[in-house]
Amino acid sequence: MAGGNPLLRDFNKKSARQGAPGSYQDPRYSPEHLEQMYNAPAAGPAQTGRMSYDDVVMRTGVLLVCIVVTGVLGWMMPILALPGALIGLVLGLVNAFKREPSPVLIIAYALAEGLFLGGISGMFEATYPGIVIQAVMGTVAVFVSVLVLYKVGVLRSSPRVTKIFMVAIMAYALFALINLGTSLLGGFNMRYDVTLFGIPLGLIVGALAILLAAYSFVLDFENITDGVRRGIPEKAAWSAAFGLTVTLIWAYVEILRVIAIIRSMSE
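The rules behind these values
- Residues numbered from 1 in each chain as written.
- Predicted model: local features only at pLDDT ≥ 70, side-chain atom pairs only at ≥ 80, totals over all residues.
- Heavy atoms only, no water.
- Phe/Tyr/Trp six-rings, centres within 6.5 Å; stacked < 30°, edge-to-face > 60°.
- Helix = DSSP H or I, 4+ residues; strand = E, 2+ residues; numbered from the N terminus.
- Buried < 20%, exposed > 50% of the residue type's maximum accessible area, 1.4 Å probe, protein only.
- Lys NZ or Arg CZ within 6 Å of the ring centre and 35° of its normal.
- Salt bridge = Lys/Arg side-chain N within 4 Å of Asp/Glu carboxyl O.

(A) Just the packing of aromatic side chains, in detail. In this structure the tally under the stated criterion is 7 aromatic pairs. Measuring from ring centre to ring centre gives 5.2 Å for Tyr-109 and Phe-242, while their planes differ by 70°; the resulting arrangement is edge-to-face. Within this pair, whereas Tyr-109 is found in helix α6 (residues 103-127), its partner Phe-242 is found in helix α11 (residues 236-266), the two being separated by 133 residues in sequence. Neither Tyr-109 nor Phe-242 differs from the other in exposure class; each is buried. Measuring from centroid to centroid gives 5.6 Å for Tyr-150 and Phe-221, while their planes differ by 45°, and the two rings are tilted. One end of the pair, Tyr-150, is in helix α7 (residues 131-151); the other, Phe-221, is in helix α10 (residues 201-230), and 71 residues separate them in sequence. Residues Tyr-150 and Phe-221 agree in their burial class; the two are buried. Among the aromatic residues, those joined into a ring-pair cluster are Phe-143, Tyr-150, Phe-217 and Phe-221. When the ring centre of Tyr-150 is taken as reference, the NZ or CZ atom of Arg-156 above it lies at 4.2 Å.

Here's what the structure looks like:
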């Protein structure tokens, strides 16, 4: 009984005209309509709300554009490099430990890192003209090489190598923290002022860091591939893009430092 609800009365009238749902009298379930449903292409990630490779690419592109935009500002005002680095560090940690990805915080991270990268790139460029282009090309070369080798099945992660990778990451972070302290408090930069067999320590550490970044790309690609295969929610594409962006920034900074050391040795 519909009672006094006009919506229920309209629904009952429509049902009376079209027949009971599920019967062939209902146009929604006619043989022609059922055949169209059967022949229709399967729903893709966009229709099901699942993450796709395109989602990751698009969001990574957004973050890189944000970095370039604020990078220009940092280039013109190098004083913004330090605040950008500190804010980027805080937001990076927040995003890394956040259970659900936040597009706003991830974009804010990219904007802050842009200030940092623009500032240090401008300073390096003033000392070594052309070094920024060299570092960008080096970063792209590492990224593309790892991606191609991953696609053809040459590069894959393993539990043992991943454990070594995690230990190396912690050792690198400890070195970076100590070096930051000695640089700010004593003006002593271990990357440039310490040598092993005549080779600056920064060149050795930088080369190892680039290898770590390359392996980090492999882990990023595997996480993305696994996520797409398992059909995780589309919002996870922001986390994947964040991971790729962090690794790209790390690789660029290390390559920039290594090239600067090499060029300083040749002068």
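(B) Main features of the pattern of salt bridges. Enumeration according to the criterion identifies 6 salt bridges in this entry. Between Glu-234 and Arg-59 there is a salt bridge, with the nearest N and O atoms lying 3.4 Å from each other. Taken together, the residues Glu-234 in the loop between α10 and α11 and Arg-59 in helix α4 (residues 53-76) connect sequence positions 175 residues apart. In this structure Arg-59 comes out as buried when scored by relative accessible area, which is 15%. Linked through salt bridges whose partners overlap, the residues forming this network are Asp-55, Arg-59 and Glu-234.

Keep in mind these numbers describe shape, not what the thing actually does.
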